[in-house]
Amino acid sequence: MAVIHRTTLTPTKLELLAEWLPTRPWYRGGAAPELEKSGGFRLDDPAGEVGIEFMVTTDTSGPEPVAYLVPLTYRGAPRAGDGHGLIGTSEHGVLGKRWVYDGCHDPVLVTELLSLIEGRAGAMAQSITDTPDREVTRAYTGEPFPRTELTPHPADDERGTHLPAPHGTTLHVHRVPVPVAGNPPLPGGDPLGHVAGGWAGPDGTRLGAVLMTLGTR
């Protein structure tokens, strides 16, 4: 169970992301994003070592607000051989120095995300300890996933991040989620699985979208 601490983080997550987001091929804003936290959810690491968060942050620097989905992991030490996935480091008021990673590079996040899609793991509230997030929905119609930790090999392009997954599938992380009217949001086409969720829009409305889909390569 992840424990949510009410404390400081220096620099903040949004400050780290303001420098990192413009380096991504799927980023659609300018050189100086103006970010606000809009929503998201967490997953629990069964080993209790890695913090796992799926943050939705909205950039209001352009003519129209743009929401980005940013999977993040937080570790108490650097992960060997994964400097390219590192977003930055921050000082946590309770836990000390934390290494903040793009979660699509972190095997713990990817393994638990597949468990969520399959229905073996549950989404947890972003800011409340030990509380399920009932707004997050998922579906899966394929074969059971292996119970071993996966080594991710993510590829970024203008559409988002794509990771090879078991059984010849690809996990697509929609970095710029597109709001839809349905509740719960449902994907187009016929993917094997998906995860959907919601966040707060700039005008106070509640937005929902498919955040990840699992399909054939």
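What comes next concerns the included structure.

Thoughts on the side chain of Thr111
Then comes step 1: Assignment of secondary structure puts Thr111 in helix α2 (residues 107–118).
Then comes step 2: Given a relative accessible area of 16%, Thr111 falls into the buried group.
Then comes step 3: Reaching out from Thr111, the side chain makes a polar contact with the backbone oxygen of Pro107 at a distance of 2.7 Å.
Then comes step 4: In this structure, Thr111 is in contact with Thr148, Glu149 and Leu150, ignoring residues within four places of it in sequence.

Focus: the packing of aromatic side chains
Then comes step 1: Per the stated rule, a full pass over the model turns up five aromatic pairs.
Then comes step 2: The structure contains a cluster of three or more aromatic residues connected by ring pairs, namely Trp20, Trp26, Tyr27 and Tyr68.

Some remarks on the pattern of salt bridges
Then comes step 1: Going through the model one piece at a time under the given rule, you end up with nine salt bridges.
Then comes step 2: Between Lys13 and Glu53 there is a salt bridge, and its shortest N-O distance comes to 2.8 Å. Here Lys13 is found in helix α1 (residues 13–20), whereas its partner Glu53 is found in strand β3 (residues 51–59), with 40 residues between them in sequence.
Then comes step 3: Counted as one network, the salt bridges with shared partners bring together Lys13, Arg42 and Glu53.

Section: α2
Residues separated by three or four positions in an α-helix point in the same direction, a consequence of the helix having 3.6 residues per turn.
Then comes step 1: Over its twelve residues, α2 extends 16 Å from the first C-alpha to the last, a length consistent with the 16 Å expected when each residue adds 1.5 Å.
Then comes step 2: In terms of burial, α2 is a largely internal element, twelve of the twelve residues being buried.
Then comes step 3: Among all positions in α2, only Pro107, Val108, Leu109, Val110, Thr111, Glu112, Leu113, Leu114, Ser115, Leu116, Ile117 and Glu118 are buried.
Then comes step 4: The N-cap of α2, judged by a side-chain oxygen 3.0 Å from the amide nitrogen of Val108 a few residues on, is Asp106.
Then comes step 5: Looking one or two residues beyond α2, the residue adopting positive phi is Gly119, at roughly 100°.

Calculation notes
- Residues numbered from 1 in each chain as written.
- Predicted model: local features only at pLDDT ≥ 70, side-chain atom pairs only at ≥ 80, totals over all residues.
- Heavy atoms only, no water.
- Helix = DSSP H or I, 4+ residues; strand = E, 2+ residues; numbered from the N terminus.
- Buried < 20%, exposed > 50% of the residue type's maximum accessible area, 1.4 Å probe, protein only.
- Polar contact = N/O pair within 3.5 Å; in protein donor to acceptor, adjacent residues only side chain to side chain.
- Contact = heavy atoms within 4.5 Å.
- Phe/Tyr/Trp six-rings, centres within 6.5 Å; stacked < 30°, edge-to-face > 60°.
- Salt bridge = Lys/Arg side-chain N within 4 Å of Asp/Glu carboxyl O.
- Expected span 1.5 Å × (residues − 1).

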